[in-house]
Amino acid sequence: MAQHQNKLKLYSFWASSCSWRIRIALNLKGLEYQYIPVNLLKGEQFSPEFQKLNPIGYVPVLVDGDFVISDSFAIFMYLEEKYPQIPLLPSDLPKKALSIQAASIVCSSIQPLQHLAVLKFIEAKVSPDEQIPWAKFHIEKGFEALEKLLKYHAGRYATGDEVSMADVFLAPQILAGIKRFNVDMAKFPLLTRLNEAYIELPEFQKAMPENQPDALSA
């Protein structure tokens, strides 16, 4: 494990795919961190203490010494810059851009549309029965784009034979699509193959929701 003077602190919710991404990244980089659970179902993200860390009330939040940063994309880029010993962005510029693009599709065009706050809004304003169809529509739209984007670039992993940022963001989204929203992955053979590769990696396994300390208390 990489050592540093102040152990990182990660404010996380076990089932949050955004938190999940950062758990994977931390594991891949060999960084030790203190896990601090934030129970979204109990509304702990709205507490005054947590709002001081992230006024918008979302997880994850990373604390590195005196520095506090939220948003999984920003946290990932911070970790990549500050702890470059095990890089998760390719040195090859086109591959780097492709990896960032794939990650961005997940975090800007898929995940926000299945966010708990959005689903609660649909439940209240439309119908509880429309939550899953809404999420599935947007997940499948994103998955279709990712299949086309990565078709001629993927190796063992999304952008080649080394794990990259794209994989860190894809893994939680694929499993969320399968387990939470019943997405039929037969339509997405490349993502299915990538998912099978991810679940073999110890760093990904350790980051799984069911392996988090708050999984049973939520």
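Everything discussed here concerns the structure shown above.
Residues numbered from 1 in each chain as written. Predicted model: local features only at pLDDT ≥ 70, side-chain atom pairs only at ≥ 80, totals over all residues. Heavy atoms only, no water.

## Structural notes on the side chain of Ser16
Thought 1: Relative to the helices and strands, Ser16 is located in the loop between strand E1 (8-12) and helix H1 (17-28).
Thought 2: Ser16 sits in the buried class, given a relative accessible area of 10%.
Thought 3: Engagement of the side chain of Ser16 in a polar contact is seen with the backbone nitrogen of Cys18, the distance being 3.3 Å.
Thought 4: Excluding residues that lie within four positions of it along the chain, Ser16 makes contacts with Arg23 and Val59. (Helix = DSSP H or I, 4+ residues; strand = E, 2+ residues; numbered from the N terminus. Buried < 20%, exposed > 50% of the residue type's maximum accessible area, 1.4 Å probe, protein only. Polar contact = N/O pair within 3.5 Å; in protein donor to acceptor, adjacent residues only side chain to side chain. Contact = heavy atoms within 4.5 Å.)

## What about empty space enclosed by the protein?
Thought 1: Enumeration over the complete set of coordinates arrives at one cavity of 30 Å³ or more.
Thought 2: Taken as a whole, the largest cavity encloses approximately 40 Å³ of empty space.
Thought 3: Lining the largest cavity are Trp20, Ile24, Ala171, Leu175, Asn195, Tyr198, Ile199, Phe204 and Met208.
Thought 4: Residues that form the lining of the largest cavity fall into these classes: eight nonpolar, one polar and no charged. (1 Å grid on protein atoms, 1.4 Å probe; cavity = no way out; pocket = protein on both sides within 12 Å on 5 of 7 lines; lining within 4 Å. Points joined across faces, edges and corners; volume = space filled by probe spheres on them. Nonpolar A, V, L, I, M, F, W, Y, C, P; charged D, E, K, R; others polar.)

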